[in-house]
Amino acid sequence: MFKISRKKWIVLLIILFLIGIFLFYLYFEEGKSYKSSSMIFEIEKKEHHIEPGNYIKMWVIGSNANDNSPNKERYKVMIEDSRIYNLLEEGNEYFVNIQGVKKRNQSEFVYTFGQLGLVDGTQLTGEGKIE
């Protein structure tokens, strides 16, 4: 009744395999939401948590310095590099670009810094020389 050649079976199996991979990817990526924002960020609080021998978590809590409303949104921004954490000071303002990712089972976005700079500060570029 239905006579399908060997080549058509192979093509059909490859197509089904690719569809399966695509659906598998969608299942794991579907639950993520992304958010990005650029602002002048005022650091209100700087905190960390250390598990000796295991890990260190560092974060700052702050808000948009240009938002004067009493209900302004506050962001908890996680920091991976301790050098950046050490340079940040409470009460100072920084120009930032933050990115947030929220997975399917999380209630809030987890923010990280994409770009960080001083307001009206000088940004250096290029390679330095050590003598």
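Described below are features of the structure shown in this document.

Reading guide: rules and limits
- Residues numbered from 1 in each chain as written.
- Predicted model: local features only at pLDDT ≥ 70, side-chain atom pairs only at ≥ 80, totals over all residues.
- Heavy atoms only, no water.
- Helix = DSSP H or I, 4+ residues; strand = E, 2+ residues; numbered from the N terminus.
- Buried < 20%, exposed > 50% of the residue type's maximum accessible area, 1.4 Å probe, protein only.
- Contact = heavy atoms within 4.5 Å.
- Areas by Shrake-Rupley, 256 points an atom, 1.4 Å probe, with all protein chains shown as cover.
- Core = buried A, V, L, I, M, F, W, Y, C linked by side-chain atoms within 4.5 Å.
- Pairing = 2+ DSSP bridges.
- Axes fitted to C-alpha atoms, helices over the stretch in contact; angles between N-to-C directions.
- Polar contact = N/O pair within 3.5 Å; in protein donor to acceptor, adjacent residues only side chain to side chain.
- Salt bridge = Lys/Arg side-chain N within 4 Å of Asp/Glu carboxyl O.

1. Observations regarding the overall build of the chain
The secondary structure content of the chain amounts to two helices and five strands. Secondary structure of the chain in N-to-C order comes out as α-β-β-β-α-β-β. With 131 residues in all, the chain has 18% of them scored as buried. Taking the intrachain contacts of the chain between residues at least 6 apart in sequence as the baseline, contacts between residues at least 24 apart amount to 50%. As displayed, the chain has an accessible area near 10900 Å², and 56% of this comes from carbon and sulfur atoms.

2. Thoughts on the nonpolar core
Phe41, Val60, Val77, Ile98 and Phe113 are the most contacted members of the largest nonpolar core, which has 15 residues in total. When contributions to this core are tallied by element, the ones reaching two or more residues are strand S1 (33-51), strand S2 (55-64), strand S3 (74-79), strand S4 (93-102) and strand S5 (110-118).

3. Some words on the sheet that holds S1
The strand order S1-S2-S3-S5-S4 describes a closed barrel built from five strands, whose pairing is mixed. Pairwise comparison of adjacent strand axes, ignoring direction, gives a mean angle of 55° for this sheet.

4. Overview of the side chain of serine 63
With respect to the helices and strands, the residue serine 63 is situated in strand S2. What makes serine 63 buried here is its relative accessible area of 0%. Among the polar contacts made by the side chain of serine 63, one reaches the side chain of lysine 72 at a distance of 3.5 Å. In contact with serine 63, not counting residues within four places along its chain, are Met39, Ile40, Phe41, Glu42, Glu44, Lys72, Glu73, Arg74 and Tyr75.

5. Notes on the pairing of S1
Bridge count for S1 against S4 is ten bridges, and the pairing is antiparallel. What sits directly across from serine 33, in S4, is lysine 102. Sheet topology places S1 next to S2; ten bridges connect them, and they run antiparallel. Of the residues in S2, the one forming a bridge with isoleucine 50 is isoleucine 56. With antiparallel pairing between neighbouring strands as the criterion, S1 and S2 make up a hairpin whose turn holds three residues, including glycine 53 at a positive phi of roughly 80°.

6. What to know about the environment of lysine 102
Along the chain, lysine 102 falls in strand S4. Given the relative accessible area of 25%, lysine 102 is considered partly exposed. A C-alpha to C-alpha distance of 5.1 Å links lysine 102 and serine 33, two positions 69 residues apart in sequence.

7. Re the pattern of salt bridges
As enumerated under the stated definition, the model contains four salt bridges in all. When the shortest N-O distance is used, the salt bridge between glutamate 44 and arginine 74 registers 2.9 Å. One end of the pair, glutamate 44, is in strand S1; the other, arginine 74, is in strand S3, with 30 residues separating them in the sequence. Notably, a salt bridge pairs lysine 45 with glutamate 47, separated by 3.9 Å at the nearest N-O pair.

8. Brief notes about the environment of tyrosine 75
Assignment of secondary structure puts tyrosine 75 in strand S3. On the accessibility criterion, tyrosine 75 (9% relative accessible area) is buried. Tyrosine 75 sits 16 residues away from tryptophan 59 along the chain, and the two C-alpha atoms are 9.9 Å apart. Ignoring any residue separated from it by four or fewer positions in sequence, one finds tyrosine 75 in contact with Met39, Phe41, Val60, Ile61, Gly62, Ser63, Ile98 and Tyr111.

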